[in-house]
Every structure is written in C-alpha cells, then in structure tokens.
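# Residue-level structural notes
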Number of protein chains: 4
Amino acid sequence: MPRGAARSEASRTAILTAIATLIDRMGFDNVTIEAIATEAGVGKQTIYRWYPSKNAIVAEALAEGTLVPESFPVPETGDALADISAWLERVLAFLGDETHAALLGSLLSASIDSPEIGLRVAERLGMASPTVAERVQQARDAGQLRPALTGEQIDQLIFGLVVMRALGRAPYVPGEAHRLVAALLGVAPD
Amino acid sequence: MPRGAARSEASRTAILTAIATLIDRMGFDNVTIEAIATEAGVGKQTIYRWYPSKNAIVAEALAEGTLVPESFPVPETGDALADISAWLERVLAFLGDETHAALLGSLLSASIDSPEIGLRVAERLGMASPTVAERVQQARDAGQLRPALTGEQIDQLIFGLVVMRALGRAPYVPGEAHRLVAALLGVAPD
Amino acid sequence: MPRGAARSEASRTAILTAIATLIDRMGFDNVTIEAIATEAGVGKQTIYRWYPSKNAIVAEALAEGTLVPESFPVPETGDALADISAWLERVLAFLGDETHAALLGSLLSASIDSPEIGLRVAERLGMASPTVAERVQQARDAGQLRPALTGEQIDQLIFGLVVMRALGRAPYVPGEAHRLVAALLGVAPD
Amino acid sequence: MPRGAARSEASRTAILTAIATLIDRMGFDNVTIEAIATEAGVGKQTIYRWYPSKNAIVAEALAEGTLVPESFPVPETGDALADISAWLERVLAFLGDETHAALLGSLLSASIDSPEIGLRVAERLGMASPTVAERVQQARDAGQLRPALTGEQIDQLIFGLVVMRALGRAPYVPGEAHRLVAALLGVAPD
DNA sequence: CCCTAATCGAGACGGTACGTCCAGTCTTAAA
DNA sequence: TTTAAGACTGGACGTACCGTCTCGATTAGGG
C-alpha cells in the first residue's frame, strides 16, 4: 500500500472543468496552463504532476465527457443505411453550430501532435467501437448490401467529411446525410 | 512614385527559404519568428513589416512553391475517372512519406485560423480551379457518367480522405485510389 | 560600432530606484526580481539582460548612491585622531537608526557571496581610498603618533566594530568613538 | 503524561546530521528543507513539527556541536593576555581554512534574522560565558592591567575582527593574535 | 549632388507564459 | 500520537518569444 496522501479528486475535476470553461470562453489556443490553474483554484504544479501537456488534459476532459457532454452513438436497428444516416445527420447538425465546429477544429488540430486526442475525438463522435466500418461489415455479411468500398474506406470517407465540415467548409443541408450514406453504401436513396 | 529604398527581394526570398528550412528541421509548431529572422539573416522588423503573422509567411511560401515544390495538377485527358484516379494516386503516394504527411497536417492545423492557408493548400494539391468538382460536372454534362453525388460532395469526400491520411490514419495501398474514385463516381472499376 | 537600440537609461534608473524603494519597504530578503520589475515598470528580461543576480543590482545601486544617499568621507584636517574619531562618530550615529543598521546588515550578508557588494559598502562608508589605514600611516610618517598596531589592523578592527553594530550588538554611546579611536591609536583621550 | 509515540531521537539526530552534511556539500544557502528531509530519511512534517525554520535547525545543530565539532574555550591560567592571545590564535587559525571561513560567514549571515544563531556562534567560538569581556575585567580587578577600553569594547573589537576574517578579508599571519591582544589590553608585547 | 524618405540588420524594450523548484500545510497508512 | 511519504496551494525562479520601438547604415528617387 502506498503511503502519503492520494490524488485529490476535487482538484482533478476542477482542472477538467476549468479547461472546458476556458476553451469555450476564449478559444482553444488562447487557453494557458496558468489560466487553467487559476480558474481551477489549483497550484500549477498539481497540473504538471499529472499531465505532461495541455493536450493530455484535453484528452482526459474529452474521455470524461467534460468537454463535449453530448455523445453520438450509432443506432442499432438492424438497418445499416438508416442507422448510419441518422447518426451522420446528428453529427453534421451538431457541427452546424459554429461553436461546435470551432471546437472540433481545434481538437483535430491538437490531434496532429497528440494521437490520443484524435482517438478520443473519434470515440466521442461514435466512430470507435462499434465503428461505422463494423456496422457496414455486418450489413454486408447479412447480405443486406454489397458496397463497392470496404467498411474501412467508407468509415474514413465519412470521418473525412465530418472533418471537412469542422474545418469550415460548406454548411449543412438537411437530408444530405442520407444521400451521402446511400451513395457510399451503393444503395439508391429512398 | 514612392521615394526611398524598395523592398529587398533578397530578404523576401531569404525569409521564405528560411521558414521552409526550419519547418522541416524542427516542425511547424516549433518555428518562431525570431528563428526565421536569424536563419534568414534578416531583422525581425523586416518580417513584421511585410507579414502580419507566421501564417502569412507560410501562405506566401506555399503560393511560391518554396514549401512544397511539387504540384499536383489534375490531368485533362477527357476521361474524368482516369484523370481523377491518377491525380489521387499521386497525392496519396506523396502523403505516404511521413514527412510530407506531417507537413500537410501542420498546414491543415494552420488553416483553422487562417483560411488563406487552407486555400493555398488546396491549390497546391490541385484541388482548386479547375477543381475536382468541376471535372466531375464536365463529365456529367458530357454524359460520360451520372454519379449519385454532386461534384461538390465528391470533391469534399475526396479532400476529406486526403486530410484523414495526413492526420495519420491508414497507410496507402497501391491501386486504392482508382477503386475509391470509381465508387464515388458510381462506376464499376475496370 | 554596435548597431541596434542602445540601453535605456530610463529603465536602468527605474530599476535602481525600485530596488532601493522595495528594500526599505519590505526588507532586503523579501525583495524579489519580479517585484523589482513590476515596481520599475520594466520587463523581467530587461533586468536579466543587464544583471546576473539581485546582488549585482544592489552593487550598482550602492555604487550609484541610490541605496544609501549619505556618504562618509574621512575628514582631512591633518589631525588623524580627530579626523578618524569624527568619521567613526558619524558612522556609528548613522547605525543608531535601526533601519540603517538593518540595511547594512543585509548588505554585509550579501557580501558573503558577492565581494563586489562588500567593496561597495566599504566605499560608501568611507573605508576605501583613502582608507583609515592610509590616514594612520600618514600620521605615523609625520611622527604624530606611533601606534602599536599597523594601519591595516586598525582599519580592520574599526570596520569589524562597525559590522558588529550593524549585526545588532550594543547601542551607541555618544563620545565612545573618540575613546575607541584614541585607544587604538595608542593615544590618551583628551 | 502525553499519550502516543514520543519524539523520535533517531529522527532528531538524523536531521541535525543531514543539515551539517548538506551545508558542507552544497553551501548554506542552497540547502532546502526538502533536501534535509530526504537526506535524513524523514518526513517534511517531522521537521516542521519541531522547528519553525531552517535557522532553528541550524541553531540546534550549532548548540549540539554537530555543525562545528571543535570548540574554543578561553584558557584560564591567570595570565589574561596569554589566555586571550592563545584563544584568538586558535580561532584565527581555524578561519584560515577557507571552508571554515565560508561556514562562519553563512552563519553570521543567518544571524541577521536569527539572533539565536548569533548567540550560538558566539558560544561555539568561546565568546560567551565566560566571555573575553569578563576575563579582561578579572585581570583589571586583580590589578594585572589597566586597559584604556572597557572589557565590552575589547570583546566587541575582537569579535568584530573575527567576523572580518570570516567575511573574507586578510589572511592570517602567525603571531598576529598576540600583538593585537596586547595592543587592545594596553600592554607592550613580549 | 545633395536631400529626403524608405528599407535594412541589429537588438533593446514591456509583456506573457513557460516548466521547475521550494515553502509551508494537509492527508494517509503504518508503527 | 508520531512517523515517512507525498499531494496540496502558492509564488518566485530564469528562459523563450511575442510584437513594438529605436538605432545607425544603406539605398533610391526628386529637387
């Protein structure tokens, strides 16, 4: 058994809450470790003791749901086209809000030197376990559809599309999600 | 006519060269204006006189071809599928080199707060005027193919895919480009 | 000729003034470099650019007279006993003020790892060029007196005495200076 | 009677030993409470429980003889001049060693905000109970000598001289102690 | 041919944030 | 109840860059 005081859960929570607050108050890039410490009412060293970098805090806040409370699970009704369409619809609608798009943009930017963040973002968006790719594979195995692309490729195209929206290109047109997914799955839309 | 000394072309070039050198020596984020000035043998003020920010320098270096010497024009043989496939093949192969992927990642990251850079990147990659979207439209007009998606959507899906590769996901499998483009255009691959 | 902007005299002065102000406002040991920078309205780096340590600032403030405006020259009337007595009287009276004693104490403390400061303190107190030692030697040469001790020893005993007062021992009794000097010079007091 | 564990003598000793070790390994000013705790294999709180400050530890280490094992009692042969000379000789020789001078310097520096340390230092050096002042007084009472100065003044001059040596001024010349003491006592040296 | 204005390399300036180190307090589990 | 261990808030340290400003030198028109 380790002696000495245990990690303070209060501080941990305060840090995660603080970074979320600050990011949406002043934008991802303008958030400093010092500001986090002040906002959280925590010593700077307490942050450095547990996190090697700002990205690591973000990763944890992301995993914890502090940063993006919503979650985007892919429904499982058995109809892959409908499921994925519905999910993509929600995601694109979410990104219609400029604040959300900006946040996701920053997170993707952070993903470049922190794969961990990329992973957490994908997770939050519902693109990990069970991923879209797996859902497509199931549909294919069930003989529901025979798309020209592999599940992974489709997965990647869709995620890429989401990223493009976050990076600021093109507004969302309702119903678009369904047509996109249909085309990618090689099915005629209703 | 303005009196006084004119802008020094030597300095301008030195700055662009310096930023290219430094970016690949120490990574985009670690490049500071001061380092650029030193490397270029130029006063800091000379940089600030002509560029409002690091991003602006990058944008010019990009436009000038200093940063990415290669260019990726979409061929124009009349066969849209072949043209776009060939082009995508080259781009994905280029991103197979980790250095290139990292560079593009940084540039995309910079695009978030500098649309100018986003534009230049798209330009460099051959995704602007004439864009993939236009090529698809031409083919559609010529009756060569009738894809389920609009040119813009296809354009976006493809760019999104490119971005995903740059962000570090999935290695490139030769031949993949052709299958992807074929599927997106709604054509059976050869 | 060095190019670039010259050192700012305004900043230099502000720094010296600030350290003097702060030392007497909150005591030598509690003065931080950051406080000096703030008080002087100067960037921290401007201090570090010119001074390796707090002690170096103190040394300059001392040399400049910013820290201790008074000076204690040894008079030169030809009568060594009277001259030195008068001088010591002034010094001991000065140290009667507790603030002054505390300041000198701190300075002596700083002298331990900064001989420069020791020198400047001696200078300020009038114990350097022409030093008490030299005055004694002159008197001896002129046949005015033949003390049992060398000028240097007397000098050292006197400085030691001054230090003891600064370190907090014994209050000053008027007239004491004369008796002390007389005894050290081997002369009967008047 | 207090219940619970009593103060651990082992810890107390370890702390005193540790501070002595660290002072001569890295210099007085660089010794931190944390380093003492680590070196002593003791919790920080154990130190803070018993000592209000680093100076208090030093004071105890001094009183205990852990810091300066040597002691310098003034001999009592009845011949005040010889006794004091012999004692001063030993002290000055001790300070000839640079390490010792540096240590004493630091201790004097610490005395400025901790009179307790000043007292302990004086004690260690043999300048307290029976002090040099008292010895002079006894000699005067016995009619052995009639110095021009009071015992206290002599005491102070001598301590001041010792301090000056510790502060780094002047090397020791053998035999000097005798001449100095003789002069201060108003006696012709042998 | 000088004058005047703009540019240049150099570098000091006031600031902000960094990541580290300690001070002094508080918490835990063991003895 | 004390101990060793160690986490906690707080705050100064010395460094790195930011973007601005100030030098003296250089380089062109325009008078």
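Here is what the cut-offs are and how they apply
- Residues numbered from 1 in each chain as written.
- Chains lettered and ligands numbered in written order.
- Predicted model: local features only at pLDDT ≥ 70, side-chain atom pairs only at ≥ 80, totals over all residues.
- Heavy atoms only, no water.
- UniProt positions renumbered as here; feature names shortened; annotations may be inferred.
- Helix = DSSP H or I, 4+ residues; strand = E, 2+ residues; numbered from the N terminus.
- Domains from an automatic or database assignment.
- Buried area = accessible area lost by both parts, 1.4 Å probe.
- Contact = heavy atoms within 4.5 Å.
- Salt bridge = Lys/Arg side-chain N within 4 Å of Asp/Glu carboxyl O.
- Near = heavy atom within 4 Å.
- Polar contact = N/O pair within 3.5 Å; in protein donor to acceptor, adjacent residues only side chain to side chain.
- Nonpolar A, V, L, I, M, F, W, Y, C, P; charged D, E, K, R; others polar.
- 1 Å grid on protein atoms, 1.4 Å probe; cavity = no way out; pocket = protein on both sides within 12 Å on 5 of 7 lines; lining within 4 Å.
- Points joined across faces, edges and corners; volume = space filled by probe spheres on them.
- Phe/Tyr/Trp six-rings, centres within 6.5 Å; stacked < 30°, edge-to-face > 60°.
- Buried < 20%, exposed > 50% of the residue type's maximum accessible area, 1.4 Å probe, protein only.
- Lys, Arg positive; Asp, Glu negative; His and termini not counted.

Summarizing the sequence annotation, UniProt attributes the feature "domain: HTH tetR-type" (unreviewed entry) to residues 9-69 of chain A in the numbering used throughout. Along residues 9-69 of chain A the backbone is 72% helical and 0% strand, and the end-to-end C-alpha distance reaches 20 Å.

On to the domain arrangement of chain A, then. All names here are of chain A. Partitioning chain A into structural domains gives domain 1 (3-64) and domain 2 (80-185). Each of domain 1 and domain 2 has a C-alpha centre, and these two points are 29 Å apart. Roughly 800 Å² of surface becomes buried between domain 1 and domain 2 when both sides are summed, with 74% attributable to carbon and sulfur atoms. Looking at the side of domain 1 facing domain 2, the largest losses of area belong to Phe28, Asn55 and Leu62, adding up to 59% of the total buried there.

Let us now look at the interface of chain B and chain A. Taken together, the 26 residues of chain B in the interface contact 26 residues of chain A. On the chain B side of the interface with chain A, the three residues burying the most area are Ile112, Gln156 and Leu157 of chain B, jointly 25% of the side's total. Applying the counting criterion to the chain B and chain A interface returns zero salt bridges. Elements that contribute at least two residues to the side of chain B that touches chain A include exactly helix H6 (98-111), helix H9 (151-166) and helix H10 (176-185) of chain B.

Neighbouring DNA strand E are 44 residues; Lys44 and Tyr48 of chain A, Trp50 of chain C together with Lys44 and Gln45 of chain D lie closest to it. The contact atoms of DNA strand E, taken as those within 4 Å of the protein, divide so that sugar and phosphate hold 64%. A distance of 3.3 Å separates a phosphate oxygen of DNA strand E from a polar side-chain atom of Tyr48 of chain D. Only helix H2 (33-40) and helix H3 (44-50) of chain A, helix H3 (44-50) of chain B, helix H3 (44-50) of chain C together with helix H2 (33-40) and helix H3 (44-50) of chain D provide two or more residues apiece to the surface near DNA strand E. In terms of residue class, the surface near DNA strand E is made up of 14 nonpolar, 19 polar and 11 charged.

With numbering aligned to this structure, UniProt lists the feature "DNA-binding region" (unreviewed entry) at residues 32-51 of chain A. Across residues 32-51 of chain A, the secondary structure splits into 75% helix and 0% strand, with the terminal C-alpha atoms separated by 14 Å.

A few words now on the layout of surface pockets. Residues and elements named next belong to chain D. In this structure, the second largest pocket encloses a volume near 550 Å³. In terms of residues, the lining of the second largest pocket owes the most to one element, helix H6 (residues 98-111), which gives four residues. Its residues assigned to classes, the lining of the second largest pocket comprises eight nonpolar, eight polar and six charged.

Now for the arrangement of the chains. Chain C makes no contact with chain B, the minimum C-alpha separation between the two being 10 Å. You won't find any contact between chain B and chain D; their C-alpha atoms come no closer than 34 Å.

Moving on, we come to the protein's contact with DNA strand F. Close contacts around DNA strand F come from 45 residues, with Gly4 and Thr46 of chain A, Gln45 of chain B together with Lys44 and Tyr48 of chain C the closest. For DNA strand F, the fraction of atoms within 4 Å of the protein that belong to sugar or phosphate moieties is 64%. In this structure, a phosphate oxygen belonging to DNA strand F sits 3.1 Å away from a main-chain N or O atom of Glu34 of chain B. Here a phosphate oxygen of DNA strand F and a backbone polar atom of Gly43 of chain D are 3.2 Å apart. Those elements that provide at least two residues to the surface near DNA strand F are H3 of chain A, helix H2 (33-40) and H3 of chain B, helix H2 (33-40) and H3 of chain C together with H3 of chain D.

All names here are of chain D. A full pass over the atoms with the stated rule returns four aromatic pairs over all chains. For the pair Phe72 and Phe94, a centre-to-centre distance of 5.1 Å together with 65 degrees between the ring planes defines the contact as edge-to-face. Taken together, the residues span a long stretch of sequence, with Phe72 in the loop between helix H4 (54-64) and helix H5 (80-96) and Phe94 in helix H5 at a distance of 22 residues. The exposure class assigned to Phe72 is buried, which follows from its relative accessible area of 2%. Exposure remark for Phe94: the relative accessible area of 11% places this residue in the buried category.

Residues and elements named next belong to chain A. For Arg124, the location among the structural elements is in helix H7 (residues 115-124). Glu123 is the oppositely charged side chain nearest to the buried, salt-bridge-free Arg124, at an N-O distance of 6.4 Å. Here Glu70 takes part through its backbone oxygen, which lies 3.2 Å from a polar atom of the side chain of Arg124. Beyond its immediate sequence surroundings of up to four residues, Arg124 is in contact with Leu62, Ala63, Glu64, Gly65, Val68, Pro69, Glu70, Ser71 and Phe72.

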